[in-house]
Amino acid sequence: MYSFISGKIAEKNPAYIVIDNHGIGYLINITLNTFTAIGEQSEVKLYVHLAIREDAHVLYGFYTEEERSLFLQLITVSGVGCNTARLILSSLTVKETVDAIMYNNTKAIQNVKGIGAKTAQRIIVDLHDKVAKLNISDGEKTPAGYNTLKEETLSALMVLGFSRTSVEKVLDKLLTQLENPSVEQLIKEALRSL
């Protein structure tokens with residue numbers, strides 16, 4: 001139904017963005033890689049997918065068409081819904097995900113929270129031939145620097161379904177271990193620990 005939405009950024013955090021397009025605010029769920037790619041921009045164009053469920057219409061946005069294409073491939077796999085696909089694309093870059101599928105690297109896919117051995121195998125079997133057709137280039141990464149590092153990371157992980165207490169424990173530990181971490185780095189490390 002929608003191909004892309006562009007406009008001014010009204011609100012942004014690692015889990016979602018609100019784009020003001022001619023006075024209408026679109027709440028769009030994003031991946032961590034998209035959040036990083038947006039960086040400090042005040043206006044953005046996101047490629048979107050509208051997921052229609054019984055109880056909601058949910059927009060998912062991606063900075064590149066490649067990321068959206070991979071997302072659409074992932075949600076065709078039995079047992080992989082939109083939130084799981086978003087979690088995969090938040091934990092791994094598009095290139096890392098494609099490489100894991102192409103080279104049968106089930107361990108890389110299993111490192112994503114909530115993905116077991118059977119689901120990882122199913123993703124590889126179902127998508128091995130399909131991802132070869134995707135035109136994937138190395139995306140550029142821009143660091144995200146924020147004063148409210150812990151709060152943004154906490155907010156993003158809670159939106160992904162983790163409890164506040166378990167996330168806070170992991171974040172406190174990570175903040176003492178990592179030197180000048182970005183929100184993206186904190187979320188990736190926390191996803192491995194939760």
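Anything mentioned here points back to the structure above.
Per chain, residue numbering runs from 1 following the sequence as it is written. Confidence filtering applies because this is a predicted model: local features only for residues at pLDDT of at least 70, side-chain atom pairs given and counted only at 80 or more, and all residues used for totals across whole chains, interfaces and linings. The basis for every side-chain value is the complete set of heavy atoms in the structure, and neither hydrogens nor water enter the calculation.

K.L.:
What exactly am I supposed to notice about the overall build of the protein chain here?
P.N.:
A tally of helices and strands in the protein chain yields 9 helices and 5 strands. Across the protein chain, helices and strands are ordered from the amino to the carboxyl terminus as β-β-β-α-β-β-α-α-α-α-α-α-α-α. This radius of gyration counts C-alpha atoms alone. The globule rule is 2.2 Å times how many residues there are, raised to the power 0.38. For 194 residues, the compact-globule estimate of 2.2 N^0.38 gives 16 Å, and the protein chain sits close to it at 16 Å. Considering only C-alpha atoms, the protein chain reaches an extent of 45 × 40 × 35 Å along its principal axes. Of all 194 residues assigned to the protein chain, the portion counted as buried reaches 46%. For this analysis, residues touch if any pair of their heavy atoms sits within 4.5 Å. Within the protein chain, contacts between residues at least 6 apart in sequence are counted, and of these 56% link residues at least 24 apart. Within this scheme the basic residues Lys and Arg register as positive and the acidic residues Asp and Glu register as negative, but His and the chain ends are omitted. All charge positions are set by atom: Lys at NZ, Arg at CZ, Asp at CG, Glu at CD. The protein chain carries 20 positive and 22 negative side-chain charges, and their two centres are separated by 7 Å. Numbering of helices and strands runs from the N terminus; a helix is a DSSP stretch of H or I covering at least four residues, while a strand is a stretch of E covering at least two. In this scheme, a residue with accessible area under 20% of its type's maximum is buried, one over 50% is exposed, and one in between is partly exposed, where area comes from a 1.4 Å probe on protein chains only.

K.L.:
Explain the environment of Gln 110 here, please?
P.N.:
On the secondary structure map, Gln 110 appears in helix 5 (residues 106–110). With relative accessibility at 32%, the residue Gln 110 sits in the partly exposed group. Taking C-alpha positions, Gln 110 is 9.2 Å from Gln 121, a pair spaced 11 residues apart along the chain. Apart from the residues lying within four places of it in its own chain, the contact partners of Gln 110 are Ile 115, Gly 116, Ala 117 and Ala 120.

K.L.:
Would you mind going over the nonpolar core with me for this structure?
P.N.:
Note on soluble globular proteins: their nonpolar side chains tend to be buried together. By nonpolar core we mean a set of buried residues, namely Ala, Val, Leu, Ile, Met, Phe, Trp, Tyr and Cys, connected to one another through side-chain atoms within 4.5 Å. Counting residues in hydrophobic clusters, the biggest one holds 59 residues, and the most contacted among them are Ile 17, Ile 28, Leu 46, Leu 74, Ile 109 and Ile 123. Contact partners of Ile 123, with chain neighbours within four places excluded, come to Leu 74, Val 77, Val 80, Ile 88, Ile 101, Ile 109 and His 128.

K.L.:
I tried to follow the packing of helix 4 (residues 94–102) against helix 6 (residues 117–131) on my own but got confused; where do I start?
P.N.:
Each pair of packed helices gets described by two things: the angle between the helix axes and the distance between those axes. Axis definition: a line fitted to C-alpha atoms, limited for helices to the stretch in contact. Angles are taken between N-to-C directions and run from 0 to 180 degrees. Here helix 4 crosses helix 6 at 105°, and the two axes come no closer than 8 Å. The angle between helix 4 and helix 6 places the two elements in the roughly perpendicular class. Only Ile 123, Ile 124, Leu 127, His 128 and Val 131 of helix 6 make contact with helix 4, whose side of the interface consists of Val 98, Ala 100, Ile 101 and Met 102. Asp, Glu, Lys and Arg are counted as charged, while Ala, Val, Leu, Ile, Met, Phe, Trp, Tyr, Cys and Pro are counted as nonpolar; the rest, among them Gly, fall into the polar class. Along the lines of polarity and charge, the residues of the contact of helix 4 with helix 6 split into 8 nonpolar, 1 polar and no charged. Angular relationships are summarised with four words: roughly parallel below 35 degrees, roughly antiparallel beyond 145, roughly perpendicular across 65 to 115, and oblique for the angles in between.

K.L.:
I keep staring at the pattern of salt bridges and nothing clicks. Help me out?
P.N.:
Between side chains of opposite charge, a pair can form as their charged atoms come close. In the sections that follow, a salt bridge refers to a side-chain nitrogen of Lys or Arg positioned within 4 Å of a carboxyl oxygen of Asp or Glu. This structure, assessed with the given rule, holds 4 salt bridges. Where Arg 53 meets Asp 55, a salt bridge forms, and the shortest distance between an N and an O atom there is 3.2 Å. Under the relative-accessibility criterion, Arg 53 is labelled partly exposed at 42%. Between Glu 184 and Lys 188 there is a salt bridge whose closest N-O contact spans 3.6 Å. Linking Glu 184 with Lys 188, this pair stays in helix 9 (residues 183–193), spanning 4 residues, or about one helical turn. A residue is classified by how much of its surface remains accessible, and Lys 188, at 13% relative accessible area, is buried.

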